[in-house]
Amino acid sequence: MAAHDVALIPGDGIGPEVLREGRKVMDAAAEVAGIAWQWKEYPFGAEHWLKHRKGQPTLMSEKDMAQLGTHDAIYFGAVGDPRVPEHVEQAGALLWMRFYFDQYINLRPAKLLRGVASPLAGKKPHDINFYVVRENSEDFYIGLGGRFAGRQNRDLLELRRALYKARFQVDIDIDPEDEIAYQIGAITGRGAERVIRYAFELAKRKHLSRVTVVHKANVLTKIYGLWTETAARVAKEYPSIEFDTAIVDAVTMWFVRRPEWFQVVVAPNMFGDIISDLAAATVGGMGFAPGGNINPDRKAGVSMFEPIHGSAPKHGGLNKANPIATILAGKLMLEHLGEDQAAELVEHACEDILEAGKVRTYDMGGNSTCSDMGDAIAERILQLKP
């Protein structure tokens, strides 16, 4: 019997209740597939920060992070509480984990399940079925930037004026008291190569035939020129997989007009952040959108699996949230741990319950509770036992 040691971080708002149902379903899958879970729950969230780390820029300490790194995976609920500065629970928790454990892949499946209606007319179950692979550690999320105002900013304003004049042959007025803000994006050849290679390997593993590389190299030629050149080089190693490129503007249009075209989509960090939410909307919304923050080398860093919706504090404790995104994040975790049979069982059970239509949470127009949905899916898994 395979045993997996997993850290649980329920977090804030609806996080504890959706993760409770995710664990319930994972336990049912384990019973059927012969898996042993070793769960350890951590209190990291708003209450923990307010009691033990108030004023600190991160939700967890370095020691806490090292402890999380001893597990096989992290199963995460959600963080976000109005009592805690947003940067603490976002940059000081989610982003920090991504960088600390080198979770350079953000995997976001978009699949229209049986029993779920798409807002796009005429789409049937599985018509929409693709993966967004988002680079998760570079681009405009590296945290380099600043703001300047007043006289200290004069040199920067003069530089901007000189650049405009040199490139566009226009002169611009300068207000020496004006404020300027800037953010630096950076992509490395190694960072681009490893995420693009992951996308092609994912296509190969899932028996898919097309990888679409998203960019904006037509305007941001330096940063995304390196991205597209790296993609073209990697693609030559996979001659049986079609190599497709698309400007991000067009991708947003075609996700709506013809989502069936896409199979694996790989994008730089910022564009991937945006288009993966659009992809989620096409398959029913955030309640059906799981995410994995993955280091493919399990020895090099622990991976974290979560629903991509937020903590929704106003709904916290009401037992009404849709837990399916969290349950499907558990499916991604099972795949990462090599438990493919159990992973397929989880998705099959979710679809059976959704298609039957008797259990529907408020976002689907029903009045079933979060725990109702978790109970139904767990029970269906047990019924599917050979």
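The numbers attached to residues start from 1 for each chain and follow its sequence in the written order. Restriction of local features to residues with pLDDT of at least 70 applies here, the model being predicted, together with a cutoff of 80 or more for giving and counting side-chain atom pairs; totals for whole chains, interfaces and linings are based on all residues. The side-chain values count all of the structure's non-hydrogen atoms but skip hydrogen atoms and water molecules.

### Some points on the overall build of the protein
Part 1 of the argument: Across its full length, the protein carries twelve helices and twelve strands.
Part 2 of the argument: Relative to the globule expectation of 21 Å for 386 residues, the C-alpha radius of gyration of the protein, 22 Å, shows essentially globular dimensions.
Part 3 of the argument: Expressed as lengths along the three principal axes of its C-alpha atoms, the size of the protein is roughly 75 × 55 × 40 Å.
Part 4 of the argument: Relative accessibility under 20% of the residue-type maximum defines a buried residue, over 50% an exposed one, and the middle range a partly exposed one, all with a 1.4 Å probe and only protein chains included. Here the protein holds 386 residues, and the buried ones make up 52% of them.
Part 5 of the argument: Contact definition: two residues touch when any of their heavy atoms are within 4.5 Å. Taking contacts inside the protein between residues at least 6 apart in sequence as the whole, the part at least 24 apart equals 78%. Only DSSP runs of H or I reaching four residues or more are called helices, and only runs of E reaching two or more are called strands; each is numbered from the N terminus. Only C-alpha atoms enter the radius of gyration, while the globule expectation follows 2.2 Å times N to the 0.38, with N the number of residues.

### Observations regarding the packing of helix 11 (residues 340-356) against helix 12 (residues 370-383)
Part 1 of the argument: Helix axes use the C-alpha atoms of the stretch in contact, all axes being lines fitted to C-alpha atoms, and the angles between their N-to-C directions lie in the range 0 to 180 degrees. In the contact formed by helix 11 and helix 12, the axes pass within 9 Å of each other and the chain directions differ by 120 degrees. Classified by the interaxial angle, the pair formed by helix 11 and helix 12 is oblique. Helix 11 and helix 12 meet at a crossing whose hand is right-handed. On helix 12, the residues that touch Leu 345, Val 346, Ala 349, Cys 350, Asp 352, Ile 353 and Leu 354 of helix 11 are Met 373, Ala 376, Ile 377, Arg 380 and Ile 381.
Part 2 of the argument: As a working rule, the residues Ala, Val, Leu, Ile, Met, Phe, Trp, Tyr, Cys and Pro are called nonpolar, Asp, Glu, Lys and Arg charged, and the rest polar, with Gly in that last group. Of the residues that constitute the contact of helix 11 with helix 12, the class distribution is ten nonpolar, no polar and two charged. To sort the angles, those under 35 degrees are grouped as roughly parallel, those over 145 as roughly antiparallel, those from 65 to 115 as roughly perpendicular, and the leftovers as oblique. By convention, the crossing between two helices is left-handed when the near helix turns anticlockwise from the far helix through less than a right angle, and right-handed when the turn is clockwise.

### Focus: the sheet that holds strand 12 (residues 304-307)
Part 1 of the argument: Overall, mixed pairing links the ten strands, which are arranged 2-1-3-12-11-4-5-10-8-9 in an open sheet. The two strands at the open ends of the sheet, each matched to only one other strand, are strand 2 (35-41) and strand 9 (242-247). Strand-to-strand twist in this sheet, taken as the mean axis angle between neighbours without regard to direction, amounts to 25 degrees. In this analysis, strands are considered paired if DSSP registers two or more bridges between them.

### Topic: the environment of Pro 10
Part 1 of the argument: Within the secondary structure layout, Pro 10 lies in strand 1 (residues 2-11).
Part 2 of the argument: Remark: the alpha-carbon pair of Pro 10 and Arg 23, spanning 13 residues in sequence, is separated by 11 Å.
Part 3 of the argument: For Pro 10, the residues in contact, after removing those within four places along its chain, are Gly 15, Pro 16, Leu 19, Glu 41, Tyr 42, Gly 77 and Ala 78.

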